[in-house]
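Chain by chain, the residues:
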Amino acid sequence: MKQPVAKKARTEGNWNLHKIHQTCQSSTSSSSLRQLEESGTIELHLWPLFQTYAQNKSNLSEADLSKAAFSLLKLVNARNDYLSKSDMNGPLSFMKTVPSGGSTDASEEINRLAFECFLTLVLQLPSSEVHSVLQFLIMAYSNLTHDMHLILRQPLLDLVGIELWDYMPTRYRDLILAKSNAYKRRWFAHLDGKGKTDAMENHGLASFLPNCLTKIMQTMATDEEEDDKSEAETSTDEEESIDEKEGDSINEEKSNLKTIYSTLQLLIDLLSNTSTRRYLRPYLLSTNFSTKCKLSNYNVSKGGQNNKLFYQLVRTLQQLESFAIEDISAAPLSEEEMASRYHERAHVLQKLCHRHYPDALSDIIYAGVGMVANDTFLRKCLVRVVQVDVLEDLCHRLRLVDKNEVQEQFKDKNALSQRKFVTEVLVYHHALKPVEAKILSELPLYPDERLLWNPHLVPLGNNRIGGDSTLALPKMSLQFLTFSDYLLRCFKLLRLESAYEIRSDLVDVVRRLRPALRHGYADDAEYADEDDMWTKKRAMTDFHGWSRMGLELTGDDVCPVRLLKVSPPKLGENIPSEVLAEVSVDLEHCGEKIRKEWDSIGEFDNLFLLGVDASSMEGGPISMLDENTGDEKHIADEDDVTFPKRTGIIAVRGCMVLEVRDEDGNLLSDPNHERESSGKASKSHKRRYKVALDPAQYASDATGRGSPFGTKVYQTLNIIVRRHGKENNFKAVLETVRGLMSGAGSVNRSIPRWLQPVLLGYGNPAAASFNSPNMLKFAEKTTGVTRPNAALDYGDTFLSESHLRTSFEGTIIVDDRKEIDESSANQRVKYRIKIESKDDKQTVRATSYPFPQSVTGNPVPFTPVQVNAIRSGLSPGLSMLVGPPGTGKTDVAVQIIANLYHSFPSQRTVLVTHSNAALNDLFEKVMARGDIDERYCLRLGSGERDLQTDTEFDFTKNGRVNHILARRSTLLEDVQQMSESLGISGAAERGADGSPSYTCETAAYFHLHHIKKRIEIFYGNVCNKSNEAIVGEYFPFGKYFNLSTSEVSTMTLTETKKKFEQLNACFHELGEYRPLELLRSQRQRIDYLLTKQVKIVAMTCTHAAIARPHLVALGFQYDNIIMEEAGQMLDVETFVPLLLQSGEVDASSRLKRICLIGDHHQLPPVIKNMTFSKYSNFDQSLFTRLIRSGVPTIQLNKQGRARADIANLYTWRYNGLGNLAHVATREKFQLANPGFVHTYQLINVEDFDGRGESTPTPYYYQNAGEAEYAVALFQYMVLIGFPAANISILTTYNGQKGLIDDIISQRCGEGTPLAGIRPGSISTVDKYQGQQNNYVILSLVRTRSVGHLRDIRRLIVAVSRARLGLYVLCRQDVFEQCHELRPVMKQLIGRPTKLELIVGEDSSSGRLVDVTIPKKKRFIVDDVSVMGSIVHGMQQQMLS
């Protein structure tokens, strides 16, 4: 009887499908597709059709499926434009839904069959849709995550499987099979499979790429023929030819280009993954596809921006074809192994030449294989061959081409084209490619004007690229070929992202300086020489504005940038080893504050020098931007590629400060320099900066590759620009990543072998987890690593024995209490725990030992899941801890740190976070415990001075040294007093200033000969005494401890032992300080502490990247690393801290424990250029990547931050997330919010003064109605008694934040009743991540579309910041329609969408949250004007 239900579903599906298909087919803008997709069409209508078809193929017709496939293709591509690939709820997440009427267990198989059906139909769409198909495939391959693996993997791999080789030239295939037994076995297995099974569907999938490539090669060949005809026609009638190029042919060419770009991008993505390149790469080489692309007119003859993109894509494709990796095994190949392979090919070439062409190719025959494998030499030899038939036959014998096909291909073309083709094929297959690391070593780290305004490399920042866009950018995928490949992609993206940020800063400075042509100068002036030309051109340029971050250079009229030194290259290098210059500025016209900012520039700071020539300014219009909404807007200056032409920017060069001097030559940049004026600034206003220019950039300029002006470009520079220090450390980070590339072997030595496959995305993702068989085996066999069944010191993790027992539910707990007395059984104790597993039963044996009463210890009653997380952190391996909002992940991290410190006192632990605030919070909690000696803690980085710890000492490097020196003096004074009390020395032996006469060295001798001797004598006298026996008569140090005779006479043996422990601790600590007496400089002492003494080192991920070269050079070593905020770090920012030490001599790593703590359901790392996050997936953290790859995690499952009803707004996103008991019992959660009916509410805000959202400048979104409402609501809360500091106003856009800030300044400004009162924070949701407050007013701004809140992670952060009250201002009908937001919006709109207040109730009401408010006491606020009236009335009442 289920058939009627299925029939009804099909009928409704057909009706919807017809309407949906019409919309997708007729849609010309992305906005209509976006609206259709946002409404949940995919999940509600289209995908269920394929799920139904997969369960019963007779239910739907082929026509329906074809329409559904087309519609689904269009809508998924539209969704991909707005959803991030790094989000777990990605564009293809709908494929994980459970089919209607199906079971969860069978859903994966049904969804796989549904996807196979969809993919088969999509590949059969007309050729006009091939571009959309390619875009879908690019997106699908990037979403091969662990949870999508069973659904997507096999159909997608069939596209690039060994079936491709059915379309490979037979001779080339036979050559590969003859060389590789592994390929041969797989090929014959494929042939057997074709004979035994119906592989027609797979065969159809495999034919897609060959057909696509064939069509592209035909298009390129046709284009060449048309160009030849066009040239002939132009010679007879040029105007007629131009007219013919217009119209449909131009549109067709654009369509062809888009298809070609998408195909190249797909091939690049496929070659970047070992599982998809295995059979694809040989197939591409057999067709010589990349060579044909390189020789096509698109690459060599047309020029223009589009063809630059084509050139960059082809270049990337060829680099991946020749990447140093074994195709079958995916084993990386060293530089020597790659050279050996090319030398073998060269040797084969030489033998063939000797056998068949001894005269024509004698130069190749008698040269060394190294020369034959050289690109330049090989081309010279081939050019000398007169007959093209010789080269063609040589390629044929090498099986690189088929002679007959080549002759057919070039029969209507000249011999030159044929020669170019066969020559390029020979060179491409035999010339050794340059090593990428060497190329990067000669690449400038500072961006120049060519890179900064290259739209294909540094694209528009705020503009979301369309789904049909292609860029020549690397991508951060789930898998990488090798660590070199990983670092190469990271380096390129880091360089381009920093270039975008630099471009924005430079544009801001130039725009503020307002360059203009000075009056009285003619454009056609005559110049005596080139120096005179640039002198006069600089004089022509005047600046009518000012900028605090940029100044005009002063100094030599001939050249403001004076080159001081150009050092010759080092051995084996091609660029100068050093280029020094000097520039000058005058701060006379700067205010005191700005002058201080410029005087803060010191050694190693980065500056930028700009050349602005007003005479070269062009007055063209500002570029326009079409957002597909019908509205045209000006592109922002920082994104406008015409900005340099409009403002006269002709050069940009970076430099690093080495020295800063004033006009009198006084050195101002020396941190140890003390000025005579007691810290006052130099009276001179002129500053001279000695700077180091980029040697690679200078070499490029000298050869003409960098600037058309050559080295004269430095004469054009007339502006100096500084940047904020926080944003200006890009060069050190780039140098670190580039250094890792050049020493890829050190990466393999520094990272544990058990972790390497997981980081690269291969093998079993659970192999590195602490409880995996792989790690258990590693622990058993590795010296110095805790055994799986060893007892671990959990310290004060458990508050009581009952807490211990509830933390291990279902296990046997044995507490033998061997180390504590029965009298102290009720006191708090510490535990060592041993977990044993046998016959699937777990036994937990806990041994208790005394808890020191003098320390605070852990105050948190950890949940069982938190205890399991602590256990994973103590065990060898990789621990991934997911901490939803309010679940205490910082407390877990602190407990892991303390337990590691006590369990493994000889090991060093590194703490890393993304922000200084989080690191300081973590470090302060560690120190607040009181059981970690502060002399073993060190905080590195610029935020170290912001620590608020309960100690008089700071934890900076200098602070630690000063503390130790002070502590040393204190201990030596104790030794001196000890010596005097024993009569060994007297006061006369002290120094003239009364200082002790002992050093750490002499104190050690004193301890050996006097203290230990007396202690041994003491024990000899009391050897037969019990611990409670009176032994005071034998105690020799009563005078030192200032004990009276009676006190000494009553001392027991236990008390004397404690005194001896104090003495030994004193001398032991002095022994640690002894090396500091030998190290005289502060730097040496700091390095000693860092490498020898400290046990806990804290730093941010940015500082880790900057400090890595220094730490490795020092021999810094560590055993454990804990990273908090791992979900907010860039992939490479998490990777570099794993490499702060060099590997061991035996090529093993000392690193034992890696603990990553974060939340991938909250916002990812901040990338300012949205194109890099959307297109390149650069905002994917390593933490998220590992989770998407299937690495096991431990999710903390109890939150204690927010009310239960507020927490429900985000707990649905986390499986099994509940509330701690105190959420229901603590008073603050039981009390209602005074003056409000509801603890949270969505407030629908209509247009204010006829306007909703507005954009004064592109992407600067504001909503005046919501801003006024938010400020009025804040005022209301303050007026009824809410502390202003407990209220935060958050918004999703910077424009709205600025507007709210302005309104607050007016409404709470001077002369108002609430003067000086401001919220605890006015911030964007993105900036507020990691913070929280009691009450949050949230403005969502948008009224036309959902905007970037479509990323559900942003909404999760937004609704999880409030503890007690959340009030959301938005346009209800816009946000409630969005499918992704429905789990939250459904709860929000479940309450009234007009604000309900209790007028007259103040903060002292004490009303309970579960008290029902009668309707007559509720005041409904209709709109913002009513809210404003309420506030105005309250203010008037307050004034009266």
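Please read all numbers here as calculations on a predicted model, not as lab measurements.

What counts, and at which threshold
Numbers given to residues run from 1 along each chain, matching the order in which its sequence is written. Predicted model: local features are reported for residues with pLDDT of at least 70 only, side-chain atom pairs are reported and counted for 80 or more only, and whole-chain, interface and lining totals are derived from all residues. To obtain the side-chain values, all non-hydrogen atoms of the structure were used and water was disregarded. Starting at the N terminus, helices and strands are each numbered in turn, a helix being any DSSP run of H or I of at least four residues and a strand any DSSP run of E of at least two. Helix span, as expected, comes to 1.5 Å for every residue beyond the first. Contacts were defined at the residue level, with two residues in contact if any of their heavy atoms lie within 4.5 Å. At least two DSSP bridges between two strands are needed for those strands to be called paired. Lines are fitted to the C-alpha atoms to define the axes, a helix being fitted only along its stretch in contact, and any angle between axes, read from their N-to-C directions, falls within 0 to 180 degrees. For this analysis, a nonpolar core means a set of buried residues of the types Ala, Val, Leu, Ile, Met, Phe, Trp, Tyr and Cys, connected via side-chain atoms within 4.5 Å. For each residue, the accessible area found with a 1.4 Å probe, counting protein chains only, is set against the maximum for its type, and the residue is called buried under 20%, exposed over 50%, and partly exposed in between. Aromatic rings from Phe, Tyr and Trp, with only the six-membered ring used for Trp, were paired whenever their centres fell within 6.5 Å, and each pair was classed as stacked if the ring planes differed by under 30 degrees, edge-to-face if by over 60, and tilted otherwise. Residue-level confidence of the predictor is summarised by pLDDT, bounded by 0 at the bottom and 100 at the top. Angles are sorted into four bins: roughly parallel if under 35 degrees, roughly antiparallel if over 145, roughly perpendicular if 65 to 115, and oblique for all others. Should the near helix be turned anticlockwise from the far one by less than a right angle, the crossing is left-handed, and should it be turned clockwise, the crossing is right-handed. Amino acids are sorted into nonpolar (Ala, Val, Leu, Ile, Met, Phe, Trp, Tyr, Cys and Pro), charged (Asp, Glu, Lys and Arg) and polar (every other residue, Gly among them).

1. Concerning unusual backbone geometry
- One non-glycine residue, E1125, lies in the positive phi region at around 60 degrees.
- Inspection of the secondary structure assignment puts E1125 in the loop between β20 (1120-1123) and α47 (1131-1135).
- The residue D1249 is not glycine, and still its phi comes out positive at about 55 degrees.
- Tracing the backbone shows D1249 in the loop between β25 (1240-1244) and β26 (1253-1254).

2. A look at helix α19 (residues 335-356)
- Along its 22 residues, α19 runs 32 Å from first to last C-alpha, staying within 8% of the 32 Å computed at 1.5 Å per residue.
- The elements touched by buried residues of α19 are α20 (362-365), α21 (369-372), α22 (375-383), α23 (388-397) and α25 (415-430).

3. A few points about the sheet that holds strand β10 (residues 686-693)
- Spatial strand order, β3-β11-β6-β9-β10-β5-β4: 7 strands in an open sheet with antiparallel pairing. Bordering the open sheet on either side are β3 (550-552) and β4 (562-567), each of which pairs with just one other strand. Averaged over all pairs of adjacent strands, the angle between strand axes in this sheet comes to 35 degrees, irrespective of strand direction.
- Bridge analysis of β3 against strand β11 (residues 719-722) gives 3 bridges, and the strand direction is antiparallel. Considered in β11, the bridge of L551 is made with I720.
- In the packing of helix α28 (residues 483-513) onto the sheet, the strands contacted are β3, β6 (606-612), β9 (649-662) and β11, and the crossing angle to β6 comes to about 50 degrees.

4. Examining the nonpolar core
- Counting residues in hydrophobic clusters, the biggest one holds 130 residues, and the most contacted among them are F50, F136 and L137.
- Look past the residues within four positions of F50 in its chain and what remains in contact with it is L65, A68, A69, L72, A114, C117, F118 and L121.
- Of all hydrophobic cores here, the second largest spans 97 residues; its members include L452, A499, V912 and A1105.

5. Describing the packing of aromatic side chains
- Within the structure shown, the criterion is met by 39 aromatic pairs.
- An angle of 65 degrees between the planes, with centres 4.8 Å apart, marks the rings of Y486 and F1135 as edge-to-face. In this pair, Y486 sits in helix α28 while F1135 sits in helix α47, placing the two residues 649 residues apart along the sequence. One exposure class covers both Y486 and F1135, and it is buried.

6. Observations regarding the pairing of strand β28 (residues 1287-1291)
- Counting buried positions over the 5 residues of β28 gives 5, a clear majority of the element.
- Judged by which residues are buried, β28 turns out to be covered on both faces: I1287, I1289 and T1291 on one side and S1288 and L1290 on the other are all buried.
- When β28 meets strand β30 (residues 1333-1339), the two strands line up parallel, connected through 5 bridges. Counterpart to T1291 in the pairing with β30 is S1339.

7. Things to note about the confidence of the model for the protein
- Of all residues in the protein, 89% attain a pLDDT of 70 or more, and the chain-wide mean is 86.
- Predicted confidence is poor over residues 1-14, with pLDDT under 50, and the contacts of this stretch with residues over four places away or in other chains come to 4 contacts.
- This stretch, residues 818-826, has a pLDDT under 50; its non-local contacts, to residues over four places away or in other chains, come to 9 contacts.

8. Concerning the packing of helix α38 (residues 864-874) against helix α39 (residues 889-903)
- Across the interface, α38 lies against α39 with an axial gap of 9 Å and an inter-helix angle of 40 degrees. It follows from the interaxial angle that α38 and α39 lie oblique. Crossing geometry of α38 relative to α39 is assigned as right-handed. Across the interface between the two elements, Q866, A869, I870, G873 and L874 from α38 touch V892, Q895, I896, N899 and L900 from α39.
- Here the residues of the contact of α38 with α39 sort into 6 nonpolar, 4 polar and no charged.

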